[in-house]
Structures are given as structure tokens and as C-alpha cells.
Amino acid sequence: MAAETTQQNGQGSKVKASVLHGAKDLQIENRTLGLPEPSEVQVAVQATGLCGSDLHYFNHYRNGDIIVQEPITLGHESSGVVTEVGTSVTNLKAGDRVALECGLPCLECDLCKEGRYNICKALRFRSSAKSFPHFQGTLQERINHPAAYCHKLPSNVSLELGAILEPLGVAIHGSRRASLKTGSTVLIFGAGAVGLLCAAMSKVSGAKKIIIADIQGERVDFAVKNKFADAKIVVPLKRPQAIEEKLAFAKDVAEMVKEASGGEVDAVFECTGVESCLQAAIYSTRPGGRIMLIGMGSPIQTLPISAAALREVDLVGVFRYANTYEEAIKLVSSGNPLLPDLSKLITQRFKGFEDIPVAFAMAGRVKDDEGKLVLKVLVDTT
């Protein structure tokens, strides 16, 4: 990939970038961006949604066990406009609008050859500090990116919606892993953007009833009002300490689920990473059902594993996505009546590099100053 901090072949141009130097220490810097490599295109990034992992890096200069080792640019839910094309690129041209797929796998290992490149051990992902040197993110005026991972948007898909395709990919991948049957009953834990997108994909997949649960009543109200879900549960805000108390609480939540759904559910999308939610998910799922582990929360959890094993309830890992952009683009451009209006997920918008710190502060809130729910914060870097 063409260097983003040094000139290439003596040619390059200055681009503005938002660079994180420490917890909540974002600085605007100029970088020299070289020409795109033969297989790359240069993209003027225009729309970027702020993700939970970005927020962790912003607030703590780390994401779980992954510690930032050098200044890093955040952002990976992005779309933009092609400004230059490499000499061997034939599928894109200057002026094309594209959604950016920000994970680049090795394409040589067995996992990549199986099509599971999302769990390639050598995968580099923009805005992640897992690899070193870090793969810089998309909150930059222009970037060079492999053309194969720049997905052309049809005319009826906005750049804002193009940025939503990245988290939608997580929901598509989770839906595939769930193998939902038509007429299924589905439970979603977590009514943030990813949980709502999982609910939307469950609708498209033919689920007959979708129940969504969250500790925030406004979020589940939004889900039902905007046809992402059919029923809602406000989970009591309790923090039991002893394991017996935790499991008793999880069983109580499961009873709330069964009352809302009319029985046990066929599948659960656990989008919080919270221990009590996964415990409740196990108690809520029918024998032979599946639980998708999507939320990145507590890394070590105590689970009623026999309640899953003895009823063959499968716990299925879901990490990012693979081969989802084509399906995502077809879905959002199709006018499918089962698909809720995904543009409603974008609840706050900010423009310009100077407002990026304010955008991150907003992304960590439940409501904005006007009392409006915060779901997906989007930055326009034009």
C-alpha cells in the first residue's frame, strides 16, 4: 500500500488527518499522501460513522487488551469519492462513489481460501492498534486503498448510507451464522446501532417476531416505533454480585423474554458483551437454538454452560464480516419492504475536522442536549 506519511516516487500531496495522541487527545495534522499503487485507488473520504471501538480508543487510548503504541487515526465506517486510480485498476474511475471495506487480509492462508478472511491472523484493519505499525483509519481527507475493497455505490444509495454498510456487514454476517429459518422468533440484546441492524436483518430473513431488550427504554421504544422490532423489554438496571444472584437475575430476565415472545426464542443476537445478557440469552433460547456472540464486552464470563450444553444451544462467535458488501449494497438499494429505514440510525451529524472531538464526546452519550437519542454519530470530513 502506498505510504500515507511519506512521498512516493517523489510525488505526493498534503492531506489533513485527525490523529489520536493519547486519551481524548485528538490533533489535526498534515500528512503527505503518495500516489496510489497500481491496484489502489485514492478516495476522498466524506462520511464516517463513529464505532464503539473508535470510542474506546478515544477515551482510553486502548481497546480492551489492545494498547495503542503510536499516534493513530480512527475511523473505519466510511464512504467517499474516488479521486485517482492506479494504473491496473479497471473497475473504478475518478468520480465513483464507494463504500470502504477497511479490513485487508493476507488472501494466502487457509482461512482466507475458505472465504473466512475476517478471522485471518494476518488481517490488518484500519483504525485498529492490533497490528504494528498501526493501520491508520479513515478520518483523513484522502486515503489510498485497494480497489478490490472499494465497493461502488449505486445512484440511489447516499454516501451516508454507504458508511452504514460497514456495521450492516456485521449484522449480515451474524444473520448468516444464525441460519435463521422463516418464521423464527428472535431476541436481540442491545438496542444500539449493531443491535438494530441485527434486528433489521432478522426482519429481512423472515423472522415472524423480533424482541429487543436494553436497559435504555428510549432505545427499545425507537426500535419498535421504527419497525426494527415487534416487542420490547426494558431490562432492570441491577448489578448483582454473587454468582447465584447473577443467575437468578438472568432467569428473571429470561421470564420477561418468554412473556414477550410467547415462549422460548429460536435465536439470540447478543450485542452487548454483558455477562448477565449472555446468561439470560442461554435461559431464553429453545433447545437446539443458537446464540450469536456479537458484543465485545467482558472478556471473561461465568455462564450456566450446562443449560446450553444439555439442550444443544449453540454459542456462535461472530467477528466483523466477510463477503458482505455486495449483499449489503443490493439490500439497501432494492427497496425491500421488510427493511426498516436505516437512515434513521444516523442521529447526529458533525462537519469538519475541528468538530471530530465533539463528535466523539457525543458518541459516548445516551442523549444529546436537545434530548434526542444518540445512536450513530456521523462525521462529514469534506
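Everything here concerns the structure above.
Since the structure is predicted, the reported quantities are computational estimates derived from the model, not experimental observations. (Residues numbered from 1 in each chain as written. Predicted model: local features only at pLDDT ≥ 70, side-chain atom pairs only at ≥ 80, totals over all residues. Heavy atoms only, no water.)

A. Looking closely at the overall build of the protein chain. Along its length, the protein chain carries 10 helices and 19 strands. Since a compact globule built from 382 residues should have a radius of gyration of about 21 Å, the 21 Å found for the protein chain is in line with a globular shape. Out of the 382 residues in the protein chain, the part that is buried amounts to 52%. A separation threshold of at least 6 residues defines the contact pool for the protein chain, and within that pool the share at least 24 residues apart is 70%. Accessible area for the protein chain stands at about 16600 Å²; split by element, carbon and sulfur atoms hold 51% of it. Computing the positive centroid from 42 side-chain charges and the negative centroid from 42, the protein chain places the two 3 Å apart. (Helix = DSSP H or I, 4+ residues; strand = E, 2+ residues; numbered from the N terminus. Rg over C-alpha atoms; globule rule 2.2 N^0.38 Å. Buried < 20%, exposed > 50% of the residue type's maximum accessible area, 1.4 Å probe, protein only. Contact = heavy atoms within 4.5 Å. Areas by Shrake-Rupley, 256 points an atom, 1.4 Å probe, with all protein chains shown as cover. Lys, Arg positive; Asp, Glu negative; His and termini not counted. Charge placed at Lys NZ, Arg CZ, Asp CG, Glu CD.)

B. Broad picture of the pattern of salt bridges. Scanning the model with the defined rule gives 16 salt bridges in all. One salt bridge connects Lys-367 with Glu-218, and the closest N-O pair in it is separated by 3.0 Å. Note that Lys-367 is positioned in the loop between α10 (356-363) and β19 (376-380) and Glu-218 in helix α5 (residues 217-225), a separation of 149 residues in sequence. Take Lys-367: its relative accessible area is 32%, and that puts it in the partly exposed class. Through salt bridges with shared partners, a single ionic network connects Lys-93, Asp-96 and Lys-152. (Salt bridge = Lys/Arg side-chain N within 4 Å of Asp/Glu carboxyl O.)

C. How the structure looks around helix α4 (residues 193-204). In this model, α4 (12 residues) spans 17 Å end to end at C-alpha, consistent with the 16 Å of a helix rising 1.5 Å per residue. Most of α4 is tucked away, with 10 of its 12 residues classed as buried. Along α4, the residues classified as buried are Ala-193, Gly-195, Leu-196, Leu-197, Cys-198, Ala-199, Ala-200, Met-201, Ser-202 and Lys-203. Positive backbone phi, at 95 degrees, marks Gly-206, one or two positions downstream of α4. (Expected span 1.5 Å × (residues − 1).)

D. Spotlight on helix α6 (residues 243-261). Between the first and last C-alpha of α6 there are 27 Å, a value that for 19 residues agrees with the 27 Å anticipated at 1.5 Å per step. For α6, every residue scored as buried is listed here: Phe-249, Ala-250, Val-253, Ala-254, Val-257, Ala-260 and Ser-261. For α6, the arc enclosing every buried residue in end-on projection is 145 degrees, short of the 170-degree limit, so these residues lie on one face. Counted as exposed and oriented over 90 degrees from the buried face of α6: Glu-244 and Glu-259. Those residues of α6 that are buried are in contact with β12 (185-189), β13 (209-214), β14 (231-234), β15 (265-270) and α7 (275-284). Downstream of α6 by a residue or two, Gly-262 has a phi angle that is positive, lying close to 85 degrees. (Arc of directions from axis to C-beta.)

E. Structural context of the packing of aromatic side chains. In total, this model carries three aromatic pairs according to the counting rule given. Between Phe-58 and Phe-360 the ring centres are 4.8 Å apart and the planes differ by 15 degrees, which places this aromatic pair in the stacked class. Of this pair, Phe-58 sits in helix α1 (residues 52-60) while Phe-360 sits in helix α10, placing them 302 residues apart in sequence. The exposure classification of Phe-58 matches that of Phe-360, with both residues buried. For the ring pair Phe-222 and Phe-228, a centre distance of 6.0 Å and an interplane angle of 25 degrees mean the geometry is stacked. On the basis of relative accessible area, Phe-228 is assigned to the buried category, the value being 0%. The ring of Phe-135 has Arg-124 sitting right over it, with the charged end atom 4.3 Å from the ring centre. Lying across the ring of Phe-125, Arg-320 places its NZ or CZ 3.7 Å from the centre. (Phe/Tyr/Trp six-rings, centres within 6.5 Å; stacked < 30°, edge-to-face > 60°. Lys NZ or Arg CZ within 6 Å of the ring centre and 35° of its normal.)

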